Amino acid sequence: MKFSYNFLKKYIDIKLTPEKLAELLTMHSFECAVFRKTDNDSILDVDILPNRSHDALSHYGLVKEIATLTKKPLKKLKTKFREDSKIKSGDFISVSVTEKNLCPRYIAKVLTDVKIGHSPKWLKNALAEFNINSHNNIVDILNYVMLEIGQPLHAFDYDKLDGKKIIVRTARKGEKINTLDGGRYDLDEDVLVIADSKKPAAIAGIKGGLETGISEKTRTIVIESANFESGAIKRTSRTLGLNTDAAIRFSYGIDPNLTEFGMNRVCALIQEIIPGVKIASGKIDIYPKKFLLRTIKLNLDYLNKLVGENIKPEFVKITLESLGAKIKIVGKKLFFVTVPTARLDLEIEEDLIEEVFRIYGCMNLKGQMPVAAITIPKKNDVNFLINKTRDILTGVGFSEVYNYSFVGDKDISEDYKSKLIEIQNPASEDFKFLRPELTFGLLKNIKNNFRFFEKVKFFESGKVFSASASERLSLAGIYAVKESKENVAGRRFFELKGDLDVLFENLGITDCQYNSAVSKWWHPGRFAHIKYGENFLGIIGEVNPATLAVLDIPGRVAMFHLDFEKLIEIVEEEREFSPISKFPAVIRDISILVGRETKVDDVLNVIHGAGAELVKGVDLFDYYEGEELPEGRKNLAFHIIYQAERTLINEEVRHEEEKIKNALIKELNAEIR
Amino acid sequence: MAVENFDEKINILEKKVKEAVSRALDLVRLDEIRVKYLGRKGELNDLIKELPGIPEELKAHNGRRLNSVRNDLENLINKKSVELKDKFVEEKLKKEGIDVTMPGRSVSLGHLHPLTKVERRIEDIFQSMGFSVVFGSEIESEYYNFDALNISKDHPAREMQDTFWIKNPKSEIQNPKQHLLLRTHTSPMQARYMEKNNPPLRIIVPGRVYRHEATDASHEIQFHQIEGLMVGEDISLANLKAIFEEFFKRFFNKKKVEIRFRPGYFPFVEPGIEVDIKLETGSKWLEVAGAGMVHPKVFKAAGYIPGKQQGFAFGVGLDRLSMIYYGISDIRLFYSSDFRFLKQF
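Predicted, not measured: the structure shown is a model, and the values here were computed from it.

(A) Examining the pattern of salt bridges more closely. For the structure shown, the criterion picks out 72 salt bridges over all chains. With a closest N to O distance of 3.0 Å, Asp499 of chain A and Lys457 of chain A form a salt bridge. Of this pair, Asp499 of chain A sits in helix H17 (residues 491-507) while Lys457 of chain A sits in strand S23 (residues 455-466), placing them 42 residues apart in sequence. Judged by its relative accessible area of 11%, Asp499 of chain A is buried. Between Glu287 of chain B and Arg262 of chain B there is a salt bridge, with the nearest N and O atoms lying 3.2 Å from each other. Of this pair, Glu287 of chain B sits in strand S8 (residues 286-294) while Arg262 of chain B sits in strand S6 (residues 258-263); the two residues are 25 residues apart in sequence, bridging distant segments of the chain. A single network of salt bridges, built from pairs that share partners, joins Arg52, Asp55, Glu65, Arg343, Asp345, Glu355 and Arg358 of chain A.

(B) Region of interest: the nonpolar core. Counting residues in hydrophobic clusters, the biggest one holds 190 residues, and the most contacted among them are Tyr106, Ile138, Leu298 and Leu320 of chain A together with Phe244, Phe248 and Phe261 of chain B. Examining the composition of this core, we find that 8 residues originate from one element, helix H9 (residues 237-251) of chain B, more than from any other. Membership of the second largest hydrophobic core comes to 32 residues, among which are Leu507, Tyr514, Ile530 and Ile570 of chain A.

(C) View of unusual backbone geometry. At the junction of Pro199 of chain B and Pro200 of chain B, the peptide bond is cis and its omega measures out at 0° in the coordinates. Cis geometry is found at the peptide bond from Glu270 of chain B to Pro271 of chain B, where omega equals -5°. Turning to its location among the elements, Pro271 of chain B is positioned in strand S7 (residues 269-278). Of note, the phi angle at Lys71 of chain A is positive, near 60°, even though the residue is not glycine. Tracing the sequence through the fold places Lys71 of chain A in the loop between helix H4 (59-70) and strand S4 (84-88).

(D) Spotlight on the domain arrangement of chain A. By domain assignment, chain A separates into domain 1 (2-70), domain 2 (84-286), domain 3 (297-329 + 347-364), domain 4 (381-574) and domain 5 (586-672). Computed over C-alpha atoms, the centres of domain 4 of chain A and domain 5 of chain A are 33 Å apart.

(E) Structural detail: the sheet that holds strand S13 (residues 207-208) of chain A. All names here are of chain A. In space, the 5 strands of this open sheet follow the order S5-S8-S11-S12-S13, with mixed pairing throughout. Two strands in the sheet have a free side with no partner beyond their single neighbour: strand S5 (94-97) and S13. Taken together, the 4 bridges between strand S8 (residues 165-170) and strand S11 (residues 192-195) define a ladder with antiparallel strand orientation. Looking at the pairing, Ile167 lines up with Ala195 of S11.

(F) Quick look at the domain arrangement of chain B. For chain B, the assigned domains are domain 1 (3-95) and domain 2 (114-342). Computed over C-alpha atoms, the centres of domain 1 of chain B and domain 2 of chain B are 91 Å apart.

Reading the values: the criteria
- Residues numbered from 1 in each chain as written.
- Chains lettered and ligands numbered in written order.
- Predicted model: local features only at pLDDT ≥ 70, side-chain atom pairs only at ≥ 80, totals over all residues.
- Heavy atoms only, no water.
- Salt bridge = Lys/Arg side-chain N within 4 Å of Asp/Glu carboxyl O.
- Helix = DSSP H or I, 4+ residues; strand = E, 2+ residues; numbered from the N terminus.
- Buried < 20%, exposed > 50% of the residue type's maximum accessible area, 1.4 Å probe, protein only.
- Core = buried A, V, L, I, M, F, W, Y, C linked by side-chain atoms within 4.5 Å.
- Domains from an automatic or database assignment.
- Pairing = 2+ DSSP bridges.

In structure tokens, the structure reads:
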């Protein structure tokens, strides 16, 4: 909220410059800065904390705070006025409150012989400083008092109130109201209104109605100073999209005892400013459940133990008293503190500790290392593996990106949408769903980077979301090259696969299978599921050139994505050390001609399934297709490693080799070379 | 055959070989010399074959002399051989000379994201002070994000942080444990962790959080926080200050970083404070964290016995700290995936 420095100084005698005052408030109460300087005033921007908005969102409220900090006395506001004993407020109007929970207190007072006109210049200027338009003398005084003490007020034209009645009730469905600012609102049972015997005359605590508002012809007015329940006002303000200065203040909650002070202040000012006004004696005050003073226990030992300081009892006493609290001391260390009702935020011992601490000065606190025994932190295995993965992938040339956790409506095909998690109130259509895969983001990164780079190699680790599995940790990588020609078929695919091999090997995962598969968006001949035993680990493939064309991406793009949580499970399982054999391995090479369509995996399966139990490993070391070979055949060469817990003799190795060769001939029609 | 003649023959042979060796320019020629003079059918062996024909009293003298000449010449040839080899290698390597000022050829390493680097730095420092790293979920329930943290239904704090809610077919869910949202802070892990663990405890919780707000150079709809929580019998605000002093000193690698506490408001702490740091004398105070003493209602929601423990909690903006650390002026760069930006880290 904006505060006028001159306005503040009317209520307290301080010598501080606006800058010094701002600093004092920042260090003890609220962040504050000099917002703007005018010819003879300074406007301060004070960030009143939400828990203090009920008492400090007004000039007099803030002055109370300044008085506490500076130990200077607060000047009293004029609240005395003369009533006309010949007329009584109660004879003019009756008030009934049907929603007592939503309206804890309602005060009404009647004024007659009111001459509506312009406000004096000082009042217009004061309002102008806060961008409030001047309407007429009565409305301006009401607004002024709200800025001054924080109590929102309203005035009705008495002659426009049907039945001479004020009823605080919820609206009926179908009721409508035209408001003072020219708005028109449809009301329902959720909206609290101030009604006369026929119609709603105001939206309670938010905005007055046009029909019953003050006009030039108004002669008799009813002034309302009421208290409304914060939640109700906030909900209505939000539903109707009507955010007024009054609504903001009620939304934070206000002390019901402020209503009386507000009414007295308004009457005093009206009498001062508008000559001839008669103030009817007495008031209508519906206040069924009195808001009582609270007494909170404060243990000084606990205070110092919580803060870690040694604040003296005398300081605590003076400080709390300067806030308007009454203190009863039991023994030396136990205070019973009765706090003023205006401080709705002071409820428990810790609230009082905060008051003492901030006035003492947070900035004065000396750091002190905890004396608790140092415990060894628990290792976070997931974090360890994510970080290890990041290091491996950057080691093979991937750079890490952080994309948005959202995907847009356009990114997702209709049939897929039901499997996703949708945001009820998305920031925009481009952020409507939570990402089901990291690949969406990575693919979007290519185009922009191709403006500056020939190759892009990115990875991301992060959460992905689906309706069935909620959220899971995922890992994905992309390798994009602007040049689409390739000197080896599937070069980018194999380069990416090689990077994955490095990752798996370093994480201690061996024997992943790659099963060719087909899926939308992907190159039909260059896409595979990655499996570990029965577990589906992820996918790798080249993006279908048609998909790239739609995205306006040239070249070739290979991607992988992995279920990182599954990966972690496997790493845990495989974390078993196998001792190095004392006996030498025998390596024999085998070279075969097979059909072009035969996959390396097929050959490996046959070798492993041939019944040769001494085989410990098989590695492809050469691959050739060319004119010298028979039509439709290709050449594959493998190292086969034989090992046992004894020294092998030639004869048994040869025997194993025969088994393998026979199986290859029989099952793959292979030609042994 | 004249005796002086035999002696002379040896001298002549020795001289011839020495001359030939000194003229030899390569290893092939040197080998030819070795074969011609010292080989099995070489000239020296021819002289040995003549030995039986010379007088008995001179035989021993000439025999010894032949042996010594052979040894000398072999040594000479070996020495020359080593010289020639060295020379050959030297010349060969000379031809392999390169321009060492040409640019090197490197395998290009990738780059870790700056937020990852800073997060690791923060984790390392806190782990060395005994804090464990724990993670939480990004989809959180209304209960843990708000209710368990003393942020009641109509509390002003819900106003401050506008939330992304998860759309649910059962449109009106009243149970806050089932009403889902994207967590607006990492604080829900305070409640979740304390429900499952008893004090004393010290943890940090890094993670991604979401806020429904307009984006600009310092605001994003997603960003990262690091929550801290330390609870024990007598953990105080002064302890928090010391932990922060140590942390920021090490984080910025400085002898001292000035720390300033000032009042702040977060419903889940009481007292609540804002934490500012100053990196250089005379520079501006920078707001880096919100913190305070855990509110008794948070302890209660987590099932702790009231009055038996106390502790502090804090929240640090990872993005903000990274911006200060690297001098980055726009938070949106972190999520731009622009390699021109990323390759600088």
